[in-house]
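One-letter residues, chain by chain:
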Amino acid sequence: MRFRGQKSAIWILCAAAALACGTGCDDTAKHAVKVQPVQISVPTPKQEPLPELALNAGHRVILPLSVKTPDGAEWLAAESEAAFEAGEQDFQAGHLGKARDEFDQALDQLLGSGFDLEADARLNELYRRIVDTVSQDELDAFRDGDGFREQKATPAAIDEIAEQPIPQPEVFDPSLRGRAEGEVGAIGHDLPLTVNDPVLAYLNYFKTPRGSAIVETGLRRAGRYRAMVQRVLEDEGMPQDLIYLAQAESAFQPQAVSKAGARGLWHFMSYAGHKYGLQKNWWLDERQDPEKATHAAARDLRDLYDQFGDWYLAMAAYNSGAGTVQHAIERTGYADFWELYRRNVLPRETQNYVPIILALTLISKDPARYGVEFEPEPPLKADSVKPGQAIDLRLVAETIDTDLETLRGLNPELLRLVTPSDPEFVLRLPEGTAEHFFAEIADIPP
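Given the structure is predicted, the values throughout are model-derived calculations rather than measurements.

**With respect to the overall build of the protein chain**
Next, step 1: A count of helices and strands for the protein chain gives 20 helices and 4 strands.
Next, step 2: Counting only residues that meet the buried cut, the protein chain has 43% of its 446 residues in that class.
Next, step 3: Considering only contacts within the protein chain whose residues lie at least 6 apart along the sequence, 66% involve residues at least 24 apart.
Next, step 4: A total accessible area of about 24,400 Å² is found for the protein chain, and carbon and sulfur atoms account for 53% of it.

**Notes on the pairing of strand E3 (residues 382-385)**
Next, step 1: Of the two faces of E3, the one lined by Asp383 and Val385 is fully buried and the one lined by Ala382 and Ser384 carries no buried residue.
Next, step 2: Taken together, the 4 bridges between E3 and strand E4 (residues 427-430) define a ladder with antiparallel strand orientation. The residue of E4 that forms the bridge with aspartate 383 is leucine 429.

**Examining the confidence of the model for the protein chain**
Next, step 1: Looking at the protein chain, pLDDT values average 82 and 76% of them are 70 or higher.
Next, step 2: Of all secondary-structure elements in the protein chain, the lowest mean pLDDT belongs to helix H1 (residues 2-22), at 40, while helix H13 (residues 290-308) reaches the highest, 98.
Next, step 3: Here residues 1-35 scores under 50 on pLDDT; set against residues more than four positions off or in separate chains, the count is 8 contacts.
Next, step 4: Counting interchain partners and residues more than four positions distant, the pLDDT-below-50 stretch residues 53-63 has 7 contacts.

**Concerning the environment of tyrosine 127**
Next, step 1: When you line up the elements, tyrosine 127 lands in helix H5 (residues 121-134).
Next, step 2: Taking C-alpha positions, tyrosine 127 is 7.2 Å from leucine 107, a pair spaced 20 residues apart along the chain.
Next, step 3: Ignoring anything within four residues of it in the chain, the contact list for tyrosine 127 reads Leu107, Leu110, Leu111, Leu117 and Lys280.

**Quick look at the pattern of salt bridges**
Next, step 1: This structure, assessed with the given rule, holds 20 salt bridges.
Next, step 2: The closest approach of N and O atoms between lysine 365 and aspartate 241, which form a salt bridge, is 3.0 Å. Of this pair, lysine 365 sits in helix H17 (residues 348-365) while aspartate 241 sits in the loop between helix H10 (209-235) and helix H11 (243-250), placing them 124 residues apart in sequence.
Next, step 3: Judged by relative accessible area, lysine 365 falls into the partly exposed class, the value being 24%.
Next, step 4: Each member of the salt-bridge network shares a partner with another, and the members are Glu81, Glu125 and Arg129.

**Let's talk about the nonpolar core**
Next, step 1: Of all hydrophobic cores here, the largest spans 73 residues; its most connected members are Leu203, Phe206, Leu245, Trp266, Phe268, Tyr318 and Phe337.
Next, step 2: Phenylalanine 206 has contacts with Ile161, Gly211, Ser212, Val215, Ile356, Ala359, Leu360 and Ile363, leaving out every residue within four places of it along the chain.
Next, step 3: One finds Leu76, Ala77, Ala99 and Ala106 within the second-largest nonpolar core, a separate group that totals 21 residues.

**Section: the packing of aromatic side chains**
Next, step 1: Here the structure, examined in full by the defined rule, presents 10 aromatic pairs.
Next, step 2: Measuring from centroid to centroid gives 6.4 Å for tyrosine 202 and phenylalanine 206, while their planes differ by 35 degrees, and the two rings are tilted.
Next, step 3: The class of phenylalanine 206 is buried, set by a relative accessible area of 2%.
Next, step 4: Taken together, the aromatic side chains of Tyr312, Phe337, Trp338 and Tyr341 make up a single cluster linked through ring pairs.
Next, step 5: Arginine 416 extends its terminal NZ or CZ atom over the ring of tryptophan 282, reaching a point 3.8 Å from the ring centre.

**Here we look at the packing of helix H14 (residues 311-320) against helix H15 (residues 322-332)**
Next, step 1: Contact geometry of H14 with H15 gives a least axis separation of 6 Å together with a crossing angle of 125 degrees. With respect to their mutual orientation, H14 and H15 come out oblique. Each of Leu313, Ala316, Ala317 and Ser320 in H14 lies in contact with H15, whose residues at this interface are Ala322, Thr324, Val325 and Ile329.
Next, step 2: In terms of residue class, the contact of H14 with H15 is built from 6 nonpolar, 2 polar and no charged.

**Topic: the packing of helix H8 (residues 176-186) against helix H9 (residues 197-205)**
Next, step 1: Viewed as axis vectors pointing N to C, H8 and H9 meet at an angle of 110 degrees, and their least axial separation amounts to 10 Å. Taken together, the axis directions place H8 and H9 in an arrangement best described as roughly perpendicular. Contacts between H8 and H9 involve Leu176, Arg177 and Ala180 from the former and Asp197, Leu200, Leu203 and Asn204 from the latter.
Next, step 2: The residue inventory of the contact of H8 with H9, partitioned by class, reads 4 nonpolar, 1 polar and 2 charged.

**Regarding H14**
Next, step 1: With 9 of its 10 residues buried, H14 lies for the most part within the structure.
Next, step 2: Those residues of H14 that fall on the buried side of the exposure criterion are Trp311, Tyr312, Leu313, Ala314, Met315, Ala316, Ala317, Tyr318 and Asn319.
Next, step 3: Its buried side turned inward, H14 meets H11, H13, H15, helix H16 (337-342) and H17.
Next, step 4: Measuring from the backbone nitrogen of tyrosine 312 back to the side-chain oxygen at the start of H14 gives 2.9 Å, which picks out aspartate 310 as the cap.
Next, step 5: Once H14 finishes, glycine 321 follows within two positions and takes phi at roughly 105 degrees, a positive value.

**Examining H13**
Next, step 1: The first and last C-alpha atoms of H13 sit 27 Å apart over 19 residues, in line with the 27 Å expected at 1.5 Å per residue.
Next, step 2: Those residues of H13 lying buried are Pro290, Ala293, Thr294, His295, Ala296, Ala297, Ala298, Asp300, Leu301, Leu304 and Phe308.
Next, step 3: Considering only its buried residues, H13 is in contact with H10, H11, H14 and H15.
Next, step 4: N-capping of H13 is provided by aspartate 289, with a side-chain oxygen placed 3.1 Å from the backbone N of glutamate 291.
Next, step 5: Of the residues trailing H13, glycine 309 is marked for its positive phi of about 70 degrees.

**Thoughts on unusual backbone geometry**
Next, step 1: You will see that alanine 251, though not glycine, has its phi angle at about 55 degrees, which is positive.
Next, step 2: With a relative accessible area of 5%, alanine 251 lands in the buried category.
Next, step 3: The backbone phi angle of asparagine 344 is positive, close to 60 degrees, even though this residue is not glycine.
Next, step 4: Of note, asparagine 344 is situated in the loop between H16 and H17.
Next, step 5: What makes asparagine 344 exposed here is its relative accessible area of 55%.

Criteria and thresholds
- Residues numbered from 1 in each chain as written.
- Predicted model: local features only at pLDDT ≥ 70, side-chain atom pairs only at ≥ 80, totals over all residues.
- Heavy atoms only, no water.
- Helix = DSSP H or I, 4+ residues; strand = E, 2+ residues; numbered from the N terminus.
- Buried < 20%, exposed > 50% of the residue type's maximum accessible area, 1.4 Å probe, protein only.
- Contact = heavy atoms within 4.5 Å.
- Areas by Shrake-Rupley, 256 points an atom, 1.4 Å probe, with all protein chains shown as cover.
- Pairing = 2+ DSSP bridges.
- pLDDT = per-residue confidence, 0-100.
- Salt bridge = Lys/Arg side-chain N within 4 Å of Asp/Glu carboxyl O.
- Core = buried A, V, L, I, M, F, W, Y, C linked by side-chain atoms within 4.5 Å.
- Phe/Tyr/Trp six-rings, centres within 6.5 Å; stacked < 30°, edge-to-face > 60°.
- Lys NZ or Arg CZ within 6 Å of the ring centre and 35° of its normal.
- Axes fitted to C-alpha atoms, helices over the stretch in contact; angles between N-to-C directions.
- Parallel < 35°, antiparallel > 145°, perpendicular 65-115°, else oblique.
- Nonpolar A, V, L, I, M, F, W, Y, C, P; charged D, E, K, R; others polar.
- Polar contact = N/O pair within 3.5 Å; in protein donor to acceptor, adjacent residues only side chain to side chain.
- Expected span 1.5 Å × (residues − 1).

And the structure:
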């Protein structure tokens, strides 16, 4: 109010001066008006003394701040969790595209870090929480609409066989040993073949209805991948008979997943796959890429053979890890698989693993000798294209007039219905459709 009154007084004085001027300049000269500006006093702020710094009483010096080096796993968990929480907020706000990118980022940070998520309780819990949240029922429409639903995995037959005690028949087929031993001397092989009681037990098991179904499925599906696997093994300078590890592990089903979480034709765990260059993120898992996984498996097995100098020990280490086999050797002093088998110092699954592979090798090399009949599936033939951007497989199927399942069969590494946005990603199409795909896709806005 004080400043408003002062302002009004000034305007009144100015008006009076203007009125005086209007009556004549002479009057104005005789009766000059002087306006004295109102003096406004500005209070001086009270200066408070600065507080004295707290010093070390004994030395009167300021101690330096201690810097704690952040823990890598702790930092990773914080970064991934922040991206995940941002995705949840954007999802609730209806920003589905942004939420998808943030969920992708959260998982990519974990999966691409190189950390063994299963060995770190906090990272493993965070990974499970992210996956479980995105898989909840309320996200069904979101996942379906944007191709978020992950394709279904196939249980691995090796779990059913290797985790159980070796099936011991009451009476062996008396001719089984003779047939197997005769085969070893008659067929070519570039890995050692042994015929003993554990191998004969599995040869006998694979004659049962359940066992023969597993063998026939693997031999039938091997037709899709045999030529590719043989070519890759030759390129990597590895024995051709290693193909039977894939038959034992997955029965040549790229989506096969073990109870422990190993995936693909060659059953890589995520950290082992990462070690050999197999990428895993929200959109794809290259452990399920048959060709890339075959290259990785060949290199892994080469490293194991170089370490142990024995193919049976290398196979055992491929199953349970080099550390497990090395520890068994150090405990017993025997670098021999069958001696470790007799001493029961390997996990049951690993003890059974090598006899399973040998039995499948013998049957696969001469199926008729064991009464196995099957019709192999034709080799997969495909055109390879680079879409250059993320693209929905349903749109691709429509443009080239094929079915979605055919596309997924050619690209089993894709976990969802959308390709990555990586411009270098290679999409496989049915043979002879690449030109038609590019012609049709050119008319569709990006």
